[in-house]
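Examining the three-dimensional arrangement
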Amino acid sequence: MAAIAKENDKRDSTQENDERDCTQENDKRDCTQENDKRWADSVLTMVRSVDSPYGGYVQPCSISIVPEGLEELNEDAYVPKVVSMGPRYRGTKEHLVLMEKIKLHCMSSLLHRSKGTTAPLCLEECTKAILELDEVVRASYVVDIKLTRYELAQVMLVDGCFLLELLISKNSKLNKDLKSRLEPAGPGPEVIKHEEVLSDLILLENQIPVLVLHELSRILFPSEFTKKDSVAVINGLALSLLGLQEFPSPDDNSPHLLELVHSSIVKGKEVIIQPEETKPYMSLVVKNPGEVKLKRCATRLQAAGVTIKLPSRYTNPASLKGNSFGRMLGNMFGAKQVDMPAVLEFKNLDFDIKFNEGTLEIPQLHITKTTKARWRNVIAWEHYKKDWRNSSMTRRQIEASYHGSTALTFSYSALFFNGLICCAADVQLLKDNNIIVDHLKMKDQDLKDFFFAISKGIDHEMWDAKGTQLFDDLNNYSAAYRVIRSCKIWWHNFIPYFAKQIEKLIKFMKTDYNFVAVVLSALAIPQTIYAIVSYYQHK
């Protein structure tokens, strides 16, 4: 009997294991089918997003990664310093994790702004809407997102609410009309005062689809963000938050904040478009990209008769007294400089550079702790969007494809400044003309290296007509006599060498008792001369 019972138990155990294996196999097959279906839905979403019902601001693969070759010397420019947006840097840095609590506080403040319903009900409705956007959100990113449907929805919900709260907090009218019932008040007004936060919001890899903002705003505030006006309202609020309210909002539907910034700045500049049937876009691309560079630095341009100045709209530039040589000696001996006001707005990267009849107008450039990050990320975006060198599309077709943001303003401006500055003397010349305002108090040589790093890795084949014409005009201009030009260039080359020798002498004199030795040596020279003269006179 015991043997029979043991045999039955063994049979039951085998049957149970077979059933468990079968169940696991079925679960695995169902999971595979679910993944295949999700992948197919994602591809279908990418195809449909071209004519999506969301108004055109859903673009497949619109949120990119930094193109290869642009990271050298600038790796820190692409990583958020304070706040992460989207899945790319989620939980990767300790200092970014600390901001998550503030995000949740901002999210709570936003939910308490909604009229006629409670915060929990608002949150439930927003959660459902964001879950429905899973395939659209995934299709917006170039890289695959390794998060589950619910994890990704949580990221989009928290980050979307956080960003929408910042937009409303910046606008005094909306902030008053949609006053939050949360006590104490949310931290939004304080968060937007930090330069690093505003800079992190426009990093290339640190983006969320603007579609998330539209969905949340329509659910929470249907009266203020109607389906018809949502695009214009969100664009206007975002530009105001980033200090670009004087630039026009683009008519197109930018898929994220970085493209919105570029579109608005480019739209504010004069762009000449040739007729589609007579001017193919490829004719605007330089055939010999190696020749497209500024061959004259600022001092050499000045020697050639070029007047370098600020545009007339800068009516009250900072006053910088003294000549370059005097300031150079002052810096050596540690002379204090006058503090300059902090500049936090994106508008200070205004590169509307113009050259006409011997006058080169360069907008004022403020160097702050986020200038490098802002500048390099827009350059990276231009590289990603302008991969059209082998395309046969016309200019109008490309502008329609890229929503009008095809100008290479930031890329050729970086190369322009790198060519304009070949030594520390050029930096000082631009400072004297109030074109460069350095809030970081860097040495002139360090600023030269700064501009070199900004231009590092830029593709010289990515050129438009405006940048090519500007460089050619400056390289070929001459309105000064050859003798005068040669003297100025000689003086330009001599000053840096002379300055280095003085700096070495001062450094030597500060070491130990070298100063006393130099003074005694200097006094010994006339004494020796006097002794020699006296000897021969007596003789």
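So, here's what we can say about the structure. Note that the coordinates shown come from a computational prediction; the quantities given were computed from them, not determined experimentally. (Residues numbered from 1 in each chain as written. Predicted model: local features only at pLDDT ≥ 70, side-chain atom pairs only at ≥ 80, totals over all residues. Heavy atoms only, no water.)

For the rest of this paragraph, the subject is the nonpolar core. Grouped together as the largest cluster of nonpolar side chains are 105 residues, with contacts concentrated most on Leu-360, Trp-375, Phe-416 and Phe-451. Element by element, the count of residues in this core is highest for helix α6 (residues 149-170), at 13 residues. Residues contacting Trp-375, with those up to four places away along its chain left out, are Leu-349, Phe-351, Leu-365, Phe-410, Ser-413, Ala-414, Phe-417, Phe-451 and Ile-454. (Core = buried A, V, L, I, M, F, W, Y, C linked by side-chain atoms within 4.5 Å. Buried < 20%, exposed > 50% of the residue type's maximum accessible area, 1.4 Å probe, protein only. Helix = DSSP H or I, 4+ residues; strand = E, 2+ residues; numbered from the N terminus. Contact = heavy atoms within 4.5 Å.)

Another aspect to go through is unusual backbone geometry. Geometrically, the link from Glu-183 to Pro-184 is a cis peptide bond, its omega value of -5° lying close to zero. Note that Pro-184 resides in the loop between α7 (172-177) and α8 (188-191). Of note in this structure, Asn-434 is not a glycine but carries a positive phi near 65°. Along the chain, the position of Asn-434 falls in the loop between α18 (424-432) and β5 (436-438). Owing to a relative accessible area of 14%, Asn-434 belongs among the buried residues under this scheme. A positive phi is found at Lys-441, a non-glycine position, where the angle reads about 55°. Following the sequence through the fold, Lys-441 ends up in the loop between β5 and α19 (444-455). Classification of Lys-441 as partly exposed rests on a relative accessible area of 36%.

Below, the discussion takes up the sheet that holds strand β3 (residues 359-361). One open sheet accounts for 3 strands, arranged β1-β3-β2; its pairing is mixed. The sheet is open, and its two edges are formed by β1 (307-309) and β2 (354-356), each paired on a single side. Within the sheet, the average angular offset between the axes of one strand and its neighbour, ignoring direction, is 15°. Pairing of β2 with β3 involves 3 bridges; the strand directions are antiparallel. Across the sheet, Phe-355 pairs through a bridge with Leu-360, a residue of β3. (Pairing = 2+ DSSP bridges. Axes fitted to C-alpha atoms, helices over the stretch in contact; angles between N-to-C directions.)

For the coordinates displayed, the defined rule picks out 0 disulfides. Cys-161 supplies the cysteine sulfur nearest to Cys-126, a cysteine that is in no disulfide, at a spacing of 5.5 Å. (Disulfide = S-S within 2.5 Å.)

With that settled, consider the packing of aromatic side chains. In total, this model carries 11 aromatic pairs according to the counting rule given. Taken together, a centroid distance of 6.1 Å and an interplanar angle of 90° make the contact between Trp-375 and Phe-417 edge-to-face. Pair noted here: Trp-375 is in helix α15 (residues 371-385) and Phe-417 is in helix α17 (residues 409-420), with a separation of 42 residues, a long-range link. With a centroid separation of 6.3 Å and an interplanar angle of 80°, the aromatic rings of Trp-375 and Phe-451 are classed as edge-to-face. (Phe/Tyr/Trp six-rings, centres within 6.5 Å; stacked < 30°, edge-to-face > 60°.)

Under the criterion given, the structure shown has 14 salt bridges. The salt bridge involving Arg-113 is made with Glu-165; its shortest N-O contact spans 2.8 Å. Separated by 52 residues along the polypeptide, Arg-113 in the loop between α3 (100-111) and α4 (119-132) and Glu-165 in helix α6 bring together distant segments of the chain. When its relative accessible area of 4% is taken as the criterion, Arg-113 is described as buried. In this structure Glu-165 comes out as buried when scored by relative accessible area, which is 1%. Residues Lys-369 and Glu-196 are paired through a salt bridge, measuring 2.8 Å at the closest nitrogen-oxygen approach. Pair noted here: Lys-369 is in the loop between β4 (365-367) and α15 and Glu-196 is in helix α9 (residues 195-200), with a separation of 173 residues, a long-range link. With relative accessibility at 55%, the residue Lys-369 sits in the exposed group. (Salt bridge = Lys/Arg side-chain N within 4 Å of Asp/Glu carboxyl O.)

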